[in-house]
Amino acid sequence: IIHTVIICSEQEIQRLSAEIKNLENSQNLSPSPRLEELQEENARLKYRLNILKKSLQEDSLSQRGKAMLNINQRLQEVFGEAIQASCPELDNPPLSIAPSQQAKFGDYQCNSAMSMSQMLKAKGIKMNPREIAEKIIKNLPDNELVQKTEVAGPGFINIYLQKTFVSKQLSNLLINGVQPPPLPSKKKVVVDFSSPNIAKEMHVGHLRSTIIGDSMCRLFEFLGYEVLRLNHVGDWGTQFGMLIAHLQDMFPDYLTVSPPIGDLQAFYKESKKRFDTDEEFKKRAYQCVVKLQSKEPEFIKAWNLICDVSRTEFQKIYDCLDIELIERGESYYQDLMVEVVKEFEKKGQCLDEGRKVVFPPGQPIPLTVVKSDGGYTYDTSDLAAIRQRIFEEKADIIIYVTDSGQSTHFQVVFAAAQLIGWYDPKVTRVEHAGFGVVLGEDKKKFKTRSGDTVRLMDLLDEGLKRSMDKLKEKERDKVLTPEELTKAQRAVAFGCIKYADLSHNRNNDYVFSFDKMLDDRGNTAAYLLYAFTRIRSITRLAKIDEATLKKAAETTEILLDHDKEWKLGKCIQRFPEILQKILDDLLLHTLCDYVYELATTFTEFYDSCYCVEKDRQTGEVIKINMWRMLLCEATAAIMAKSFDILGLTPVERM
């Protein structure tokens, strides 16, 4: 609203200024009451406009003030300005800033001078990197976060942060909570993930898509995007003909009495066996497909019955893993496919070779949009889906989370969508986030001993059993109530399965091992959940309530004099830059590595810096170092938010 008022006020000032100029230039030299009136009105408007602009600036600063600051981004702004001033003759000079790997090289490093030297050399200007680095330092604008800089080695710039600046940022985090930076504009994201097939059980292959897709959605949601979580289930196609024909034979009264299909997988196998061996059944199955596609009521009812049985089974898994999805299967796009084919034909991009194909330029394979029998394909369905997401959903970002084996297919689909002008990759981000396969401990594709695909529900049940064994081994059943024990069991079981997946680079295959997942040493959910519970217990054992902590956050300066305090404070403040990196490359293992680093950095701090000092004889608390208690709280707040993005559920007692 303020933006609109400012624009209107500026337009009104321009109009009045033009009118005043006309009156001043007129031949009538006698004082004009109209001129004086306009000048007064113009002065009033300018005054009002300045107040509005100031209010907008304060609002923006207050929004930014509540959010966690991305220090790397802020350093890029500061050094970007200095680099531009140092070498104005360079177009787009490189800007490279990263956290230092060792404390002796400062807190961050700017490594731009070497590349700039090469760029200047190409222009015939000789200047060594150290000289450029000195010029950059000289041109640094006044800023709130850099304490000092120094040139090291061939031209690295070591950057040392102001401790008081980091301390203020930590206080801000504790007062306002973990707030994301404000988005310049609200964007809509569509994430297509999980996507099992109706009438088939979810297996371990669906696990990765479900876990990775959910975590991506959680990240975008936290950052303030509007997120549409879509489950593109396989709920259409020729297999439904055989399923419906088998349903008619096994449960002839299915229209009036709901058929008791307990095991849909067995039902599918029976119908497939008949389809492969019984010609008469096969013919009837094809007739059922035609009637389903013609949307005859009794066939639609049979199809819905089969879909509902699957949905119930899928939902059990989604409930265990705390996954929310909107089902929008292939059937949703059936009517849209006709329009897709027409559009490609109209624009002369569809070749008829008995089947209708589209050849996007530079792609290894074409897309088949209509088969020789007149039927549609997965290609047509995916084209209809991307078109609907761009034009009806008005998505700014579309992400497909499927295995890497489908990367060529999506590459061709995206190329076809660009060819026909549906989107410009500079404006709309469309991406396939592929992932590797799940391997067994023998490094082969994860299977049961009999060679079957592992059922996802069996896997989750095994996780629950093993996590309870682990808790009992640690004798947690003797100190936790039955309710607390069940909460801990579910948190560890499902948290470990999710984290084991997310902590690996999704592009690689990973080995599924319950023993490694449930190990409470190293980068595992078990270790991190226990670490979080321990951190949370520090204030509880010191008998400090929430109100005291809140008051302390507002009044106590967080001291960062000890090197372990400083290391922890900087690590906490890196959270926004970690999220920004994941937003760019969609690799969630970066967050797992970060939260593990945060937990181990906290352990170093806690071992070296007393938060609570006790009498050695009586164990009575004699001194509380409140600024260190606040560092404990800040660590816990970042860990809790990281867990939320990763889909882990921490518990207060474990």
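- The name given to the chain in an unreviewed UniProt entry is Arginine--tRNA ligase, cytoplasmic, with Astatotilapia calliptera as the source organism.
- Under the UniProt heading Sequence similarities (unreviewed entry), the note attached to the chain is "Belongs to the class-I aminoacyl-tRNA synthetase family."
- Quoted straight from UniProt, the Subcellular location (unreviewed entry) entry for the chain says "Cytoplasm, Cytosol".

1. So, the pairing of strand β12 (residues 429-432)
(1) Moving on: Taking every second residue as pointing to the same face, the buried face of β12 carries V430 and H432, while none of R429 and E431 on the other face is buried.
(2) Moving on: In terms of strand pairing, strand β11 (residues 397-400) meets β12 through four bridges, oriented parallel. Bridge pairing links I398 to V430 in β12.
(3) Moving on: As for the winding sense of the linkage, the β-α-β connection from β11 through helix α14 (residues 407-419) to β12 is right-handed.

2. Some remarks on the sheet that holds strand β1 (residues 97-99)
(1) Moving on: As summarised here, the arrangement of the four strands in space is β1-β2-β4-β3, forming an open sheet in which the pairing is antiparallel. With one partner strand each, in any of the chains shown, β1 and β3 (146-152) form the two edges of the open sheet. The mean angle between the axes of side-by-side strands here comes to 25 degrees, regardless of whether they run parallel or antiparallel.
(2) Moving on: When strand β2 (residues 108-110) meets strand β4 (residues 156-161), the two strands line up antiparallel, connected through three bridges. Across the sheet, the residue bridging to Y108 is I159, located in β4.
(3) Moving on: Helix α3 (residues 71-86) rests against β1, β2, β3 and β4 of the sheet, and its axis sits at about 145 degrees to β1.

3. So, the UniProt feature "domain: Arginyl tRNA synthetase N-terminal" (unreviewed entry) in the chain
(1) Moving on: The sites that carry the UniProt feature "domain: Arginyl tRNA synthetase N-terminal" (unreviewed entry) are, in the present numbering, residues 73-161.
(2) Moving on: As annotated, residues 73-161 comprises 38% helix and 21% strand, and the C-alpha atoms at either end are separated by 14 Å.

4. A word on the pattern of salt bridges
(1) Moving on: Summed over the entire model, instances satisfying the criterion amount to 39 salt bridges.
(2) Moving on: The salt bridge involving E313 is made with K316; its shortest N-O contact spans 3.1 Å. Pair noted here: E313 and K316 are both in helix α11 (residues 297-321), with a separation of three residues, about one helical turn.
(3) Moving on: Classification of E313 by relative accessible area gives partly exposed; the value is 30%.
(4) Moving on: Beyond isolated ion pairs, a larger network of salt bridges with shared partners links D214, R218, E221, R229, D322, K641 and D644.

Thresholds, definitions, all that
- Residues numbered from 1 in each chain as written.
- Predicted model: local features only at pLDDT ≥ 70, side-chain atom pairs only at ≥ 80, totals over all residues.
- Heavy atoms only, no water.
- UniProt positions renumbered as here; feature names shortened; annotations may be inferred.
- Buried < 20%, exposed > 50% of the residue type's maximum accessible area, 1.4 Å probe, protein only.
- Helix = DSSP H or I, 4+ residues; strand = E, 2+ residues; numbered from the N terminus.
- Pairing = 2+ DSSP bridges.
- Right-handed = clockwise from strand over helix to strand, strands pointing away.
- Axes fitted to C-alpha atoms, helices over the stretch in contact; angles between N-to-C directions.
- Contact = heavy atoms within 4.5 Å.
- Salt bridge = Lys/Arg side-chain N within 4 Å of Asp/Glu carboxyl O.

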